[in-house]
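Understanding the architecture of this molecule
Residue-level listing of the chains:
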Amino acid sequence: MSSPATPSTKSPPPPATARPHIDIKDIMIRRCVRMDLSMLMYAMDLAHQVTRLYDSDGEIAAHMQAQFERVFGQYWHCIVNQETTPDSPQWCGAMYVNLAVGPTHITLYKISDTA
């Protein structure tokens, strides 16, 4: 008589995610205009966090925009896509950063009130 089957002690592999794990040191700053270093570092850290938390470009953009408005005041805009795009235009009076987090490209900008 054979012994009953014992359950496997191996854990199942983690589910595949849409976005690969990217270390913060691998985030590329494509362009940064009129942002001080602390704001740039906050943008990089936030981009690193949200690309690990969310799968959709829309969720990433909404979270980036909301967090920047909470910390740095209103009327930030965020564009997220998975394609290589040309550098953002230098809008008159705009403060912006364009980041590449692996295959995800994030452009975060604020048009000056005086522009």
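The sections below set out a description of the structure shown in this document. Remember, it's a predicted structure, so these values are computed and weren't measured experimentally. (Residues numbered from 1 in each chain as written. Predicted model: local features only at pLDDT ≥ 70, side-chain atom pairs only at ≥ 80, totals over all residues. Heavy atoms only, no water.)

1. Considerations on the overall build of the protein
Under the convention used in this document: Each helix is a run of DSSP H or I of at least 4 residues and each strand a run of E of at least 2, with the numbering of both proceeding from the N terminus. For this analysis, residues touch if any pair of their heavy atoms sits within 4.5 Å.
Along its length, the protein carries two helices and four strands. Reading the protein from its N terminus to its C terminus gives the helix and strand order β-α-α-β-β-β. Across the protein, the fraction of contacts at a sequence separation of at least 24, relative to all contacts at a separation of at least 6, is 62%.

2. Remarks on the nonpolar core
Soluble globular proteins tend to pack their nonpolar side chains together in the buried interior. Test applied: The definition of a nonpolar core used throughout is a set of buried Ala, Val, Leu, Ile, Met, Phe, Trp, Tyr and Cys residues joined through side-chain atoms within 4.5 Å. For every residue, the accessible area obtained with a 1.4 Å probe (protein chains only) is divided by the maximum for its type, and the residue is called buried under 20%, exposed over 50%, and partly exposed between those limits.
Within the largest apolar cluster, 22 residues are counted, with the highest numbers of intra-cluster contacts made by Met 64, Phe 68, Cys 78, Val 97, Leu 99, Ile 106 and Leu 108. Residue assignment for this core shows that the elements contributing at least two residues are α1 (37–53), α2 (57–72), β2 (76–81), β3 (94–101) and β4 (104–111). With seven residues, the single largest contributor to this core is α1. Apart from residues no more than four positions distant in its own chain, Val 97 is found in contact with Ile 29, Arg 31, Cys 32, Met 35, Leu 40, Ala 43, Ile 106, Thr 107 and Leu 108.

3. A word on the side chain of Lys 110
Stated precisely, the cut-off is as follows: Whenever a nitrogen or oxygen atom comes within 3.5 Å of another N or O atom, the pair is scored as a polar contact, on the condition that within protein one atom can donate a hydrogen and the other can accept it, and that pairs from neighbouring residues in sequence are kept only if both atoms are in side chains.
Here Lys 110 shows up in strand β4. Overall, Lys 110 belongs to the buried group, its relative accessible area being 19%. Within the structure, Lys 110 has its side chain in polar contact with the backbone oxygen of Gln 74 (distance 3.2 Å).

4. Points about the environment of Arg 31
Mapped onto the elements, Arg 31 comes out in strand β1 (residues 28–33). Accessibility expressed as a relative area gives 26% for Arg 31, which makes it partly exposed.

5. Quick word on the sheet that holds β3
Spelled out, the test is: We treat two strands as partners when DSSP finds at least two bridges between them. Interaxial angle, 0 to 180 degrees, is taken between N-to-C directions of lines fitted to C-alpha atoms, where a helix line uses only the stretch in contact.
Taken together, the four strands give an open sheet; going across it, the order is β1-β3-β4-β2, and neighbouring strands pair in antiparallel fashion. Edge strands, defined here as strands with exactly one partner in the open sheet, are β1 and β2. Strand-to-strand, the axes of this sheet are offset by a mean angle of 10°, without reference to chain direction. Relative to β4, β3 runs antiparallel, the two being bridged by eight bridges. From the neighbouring strand, Leu 99 faces β4, where its bridge partner is Ile 106. Against the sheet, α2 contacts β2 and β4, and its axis sits at roughly 155° relative to β2.

6. Some remarks on α1
Selection rule: To estimate the expected span of a helix, count its residues, drop one, and scale the result by 1.5 Å.
For α1, which comprises 17 residues, the first-to-last C-alpha distance of 24 Å matches the rise-based estimate of 24 Å (1.5 Å per residue) to within 8%. Here α1 has its buried residues at Met 39, Leu 40, Ala 43, Met 44, Leu 46, Ala 47, His 48, Val 50 and Thr 51. For α1, the elements touching its buried residues are β1, α2, β2, β3 and β4.

7. Notes on α2
An α-helix turns once every 3.6 residues. As a result, residues three or four positions apart point the same way. This is how the line gets drawn: Throughout, the arc means the angular range of directions from the helix axis out to the C-beta atoms.
The end-to-end C-alpha distance of α2, which contains 16 residues, comes to 22 Å, matching closely the 22 Å that a straight helix rising 1.5 Å per residue would cover. All of the buried residues along α2 are Ile 60, Ala 61, Met 64, Gln 67 and Phe 68. All buried residues of α2 fall inside an arc of 140° around its axis, so they share one side. As for α2, its buried residues are in contact with α1, β2 and β4. Once α2 finishes, Gly 73 follows within two positions and takes phi at roughly 95°, a positive value.

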